[in-house]
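Residue-level structure breakdown
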Amino acid sequence: MPMKVLVTDGSNRSALAAVRSLGRRGHDIFVAGSSPRTLASCSRFCRAAVQVPNPHWRGEDYVDEINTFVHKEGIDVILPMTDHSTQLLSAARACFPVGVVVACPDHDKVQAVSDKYRLFELARDLEVPIPKTIFLRGADGLRDVIDQIESYPVVVKPAFSRKKEGQSFLAASVSYADSREELESLYATERALRYPSLIQEKIEGPGTGLFTLFDRDRHLTLFSHQRLREKPPSGGASVVCRSVPLDEEMVEAARRLLSAVEWRGVAMVEFKRDLRDGKAKLMEINGRFWGSLQLAVTCGVDFPGLLVDFLNGKLMDHQPCDYRCGVRMKWFFGTLDHLLIRLRNSREQLHLPAAAPSKAGAVMDFLKIWEQDSSFDVSDPRDLGPFRFEAACWLRHAVGRRPKIETVSYLDKNR
């Protein structure tokens, strides 16, 4: 029976993938975003869009507006698509009408995988391989551990990508330090590092995302991709990725981690295969849908549809994982930004590994945009509205600006 589904964070590619997936299944799809028009709301599968406060700055107002819309339209399922909305809506689950499904785990479980400090402690206790890690409760602890660092560069990870402070969130990102002096400067100036953080060795090797629909102690279905290009180039959102066979070492590591918190729902567990010792080492867990969601759907694993069925009690058994491998998914404007960032910054500024292609190689990679066995996540000839919208946003944003090293969001000016 068709349901009314509210997909949040319409500026995200994952939201667009969910709208298309669930719309093709016959559900009535509504899209929420902090702008009147968003990437996902331009899809022909979107029945109506609603503008809500930006969850990054106005969390309580955001929840109130979502709740008002849920009551007004008789929404059956709320699908949070980002860390912000997942954090806020999982905590506010009791506010919504009885029977409304908030498609994410309980708030304490969301916190358990979002907090990198707790997550890496758990991985260490479960003997899941991780990079060499120094755990810091706050910036003041740096002086007690800095002499333990054997070599640079190091990776500095705040415990939370987004830390809730009152109604708003403090955004925090991964940083690199090439020397003791740079590390001390980071901890002296970065507000997010006043909270718990990690200092890790930099792992060089292929990055692999393992995607799962999980039920307490078992995978219901699985998919895996390898990142080929990212934005920013040193590590971030995937702009080119490829479906790959499941790696049983990663599958088992993810099972142990998610079982420990009795996870119920979708998650992305990210690893890097360390070139030095060949071990798959944990990078992070995202307890939500991921940017390259469309690749999984294209290859035959319809996570949005399966999640909605699961949370409504219609999916209890393990599903086949016989998806197509070797399929490339490309985010056109993401690849263009990747190229511009590569051309305008040095290898050292971007903290690229030695194996990364030269600037000329980056140009050649971009020119292969229409190679065999590849498809696009936003551009779909059967649903062109989102691509037209994204192209217009990118062009407006590109006029007069120099692409920065960090990820640039041009789809939602309020984001």
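Here's a quick rundown of the structure. (Residues numbered from 1 in each chain as written. Predicted model: local features only at pLDDT ≥ 70, side-chain atom pairs only at ≥ 80, totals over all residues. Heavy atoms only, no water.)

**Comments concerning the overall build of the protein chain**
Scanning the protein chain for helices and strands turns up 14 helices and 18 strands. For the protein chain, the C-alpha radius of gyration of 21 Å lies close to 22 Å, the compact-globule estimate for 415 residues. Expressed as lengths along the three principal axes of its C-alpha atoms, the size of the protein chain is roughly 60 × 45 × 40 Å. A fraction of 66% describes how many contacts in the protein chain between residues 6 or more apart in sequence connect residues 24 or more apart. Accessible surface, the protein chain as shown: approximately 18,000 Å² in total, 49% of it carbon and sulfur. (Helix = DSSP H or I, 4+ residues; strand = E, 2+ residues; numbered from the N terminus. Rg over C-alpha atoms; globule rule 2.2 N^0.38 Å. Contact = heavy atoms within 4.5 Å. Areas by Shrake-Rupley, 256 points an atom, 1.4 Å probe, with all protein chains shown as cover.)

**Side note on the packing of aromatic side chains**
This structure, assessed with the given rule, holds 14 aromatic pairs. With a centroid separation of 5.0 Å and an interplanar angle of 85°, the aromatic rings of Phe 332 and Phe 333 are classed as edge-to-face. Residue classification places Phe 332 among the partly exposed positions, given a relative accessible area of 21%. According to the relative accessible area criterion, Phe 333 is buried, its value standing at 6%. An aromatic cluster is present here, built from Phe 332, Phe 333, Phe 366, Trp 370, Phe 376, Phe 387 and Trp 394 joined pairwise through their rings. Above the face of the Trp 331 ring, Arg 13 is positioned so that its terminal group lies 4.0 Å from the ring centre. Between the NZ or CZ atom of Arg 124 and the centre of the ring of Phe 135, over which it lies, the distance is 5.1 Å. (Phe/Tyr/Trp six-rings, centres within 6.5 Å; stacked < 30°, edge-to-face > 60°. Buried < 20%, exposed > 50% of the residue type's maximum accessible area, 1.4 Å probe, protein only. Lys NZ or Arg CZ within 6 Å of the ring centre and 35° of its normal.)

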